[in-house]
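# What the coordinates show
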Amino acid sequence: NEEQIAALQAHFPGIEYGIFPNVQTIPEHVPPKAKPFLVVWVANLKDMKRPEKFIDLAESFQSRSDIRFIMIGRDQYSNIREVRTRIEILPNIEFLGELPQAEVNDWLGQASLLVNTSTYEGFSNTFVQAWMRKTPVVSLKVNPSGILDKGKVGACADDDMQRLHDLVEDFLDHLEKLESYGRQAFEYARKNHCVEQVFPRMLDCIQQLTSDKNGL
C-alpha cells in the first residue's frame, strides 16, 4: 500500500517503487444478502487481529434482533477460552472456526458488512473478497492507502470503538447507502483488483525487467 511505499522511500531513497494490488477473480455467483443482516469478521484469531473488539461490537448491538455477527478464522488466540465464553453468553454472535475459502466467500456474499479490527494489515485479501461480492468494509483502524476514505467502498473508525458502532449502525439503518457502497465496492474491485486487469501489467513489468537485463 502507499504507506509501505512511503516507508521504503524514507529508508531507501532513489529507488523506484510501484504497487501491484491484491487480485481476485470475479465470482460467477453471489448469494443474496441475508436477513437478518449479517456482519462478518474473517481472520486468524491472534493478538494483532483483536477478535475481542468484534465481540465488543456484537455486544453493543445485542438488543437488536435484526443483526447477526459471524466470526470466521483459525483458532490461534492466546485468550481463546475467554473469547469462546463471551460468544456463548451473547445471543447475536457465532464463531464458525476455520472454513474452506469457498465457504468464506459464500458468507462474505451473504454479509451486509465485513468488519476488520486488526492493528495492522498490508492490504487484506478479505477486503477484496468482500468488495467483489458487493459487501462494504468497516474497519476499526486499518485503512490501506486511505481507500476507505477515498473510494466509498466502506469506512474507517480511526481506532474508536464508539465510532465503529456508529458506522455499522448507520450503514444498516440506511439501506440505500449500504447498497450504493456495495455497488461502488464491486466496481472498484473490478477495475483495480481483477485478475484480468492486474496480470497483464505484471507481465509487462516482468518483460521490461527481462529486456533491460538482456540489454546489459
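Everything below is about the structure printed above this text.
Each value, and the rule that gives it
- Residues numbered from 1 in each chain as written.
- Predicted model: local features only at pLDDT ≥ 70, side-chain atom pairs only at ≥ 80, totals over all residues.
- Heavy atoms only, no water.
- Helix = DSSP H or I, 4+ residues; strand = E, 2+ residues; numbered from the N terminus.
- Buried < 20%, exposed > 50% of the residue type's maximum accessible area, 1.4 Å probe, protein only.
- Contact = heavy atoms within 4.5 Å.
- Areas by Shrake-Rupley, 256 points an atom, 1.4 Å probe, with all protein chains shown as cover.
- Phe/Tyr/Trp six-rings, centres within 6.5 Å; stacked < 30°, edge-to-face > 60°.
- Lys NZ or Arg CZ within 6 Å of the ring centre and 35° of its normal.

### Structural notes on the overall build of the protein
For the protein, the helix and strand inventory stands at nine helices and six strands. For the protein, the proportion of its 216 residues judged to be buried stands at 45%. The contacts of the protein with a sequence gap of at least 6 include a subset with a gap of at least 24, amounting to 69%. Accessible surface for the protein amounts to roughly 11600 Å². Of this, 50% is attributable to carbon and sulfur atoms.

### Let's talk about the side chain of Arg50
Inspection of the secondary structure assignment puts Arg50 in the loop between strand S1 (37-42) and helix H2 (51-60). Owing to a relative accessible area of 11%, Arg50 belongs among the buried residues under this scheme.

### Focus on the packing of aromatic side chains
Inspection of the entire model under this criterion finds eight aromatic pairs. Taking 6.3 Å as the distance between ring centres and 65° as the angle between the ring planes, the aromatic pair formed by Phe123 and Phe127 counts as edge-to-face. Overall, Phe127 belongs to the buried group, its relative accessible area being 0%. With centroids separated by 5.1 Å and ring planes inclined at 75°, the aromatic side chains of Phe171 and Tyr181 adopt a geometry described as edge-to-face. With Phe171 in helix H7 (residues 161-173) and Tyr181 in helix H8 (residues 175-192), the pair connects residues that are ten residues apart, well separated along the chain. Owing to a relative accessible area of 1%, Phe171 belongs among the buried residues under this scheme. Aromatic ring contacts, followed pair by pair, group Trp41, Phe54, Phe61 and Phe69 into a single cluster. A cation sits over an aromatic face here: Lys134 above Phe186, 5.8 Å from the ring centre. Above the plane of the ring of Phe171 lies Lys177, whose end atom (NZ or CZ) is 4.8 Å from the centre.

Honestly, it's all geometry; don't read function into it.
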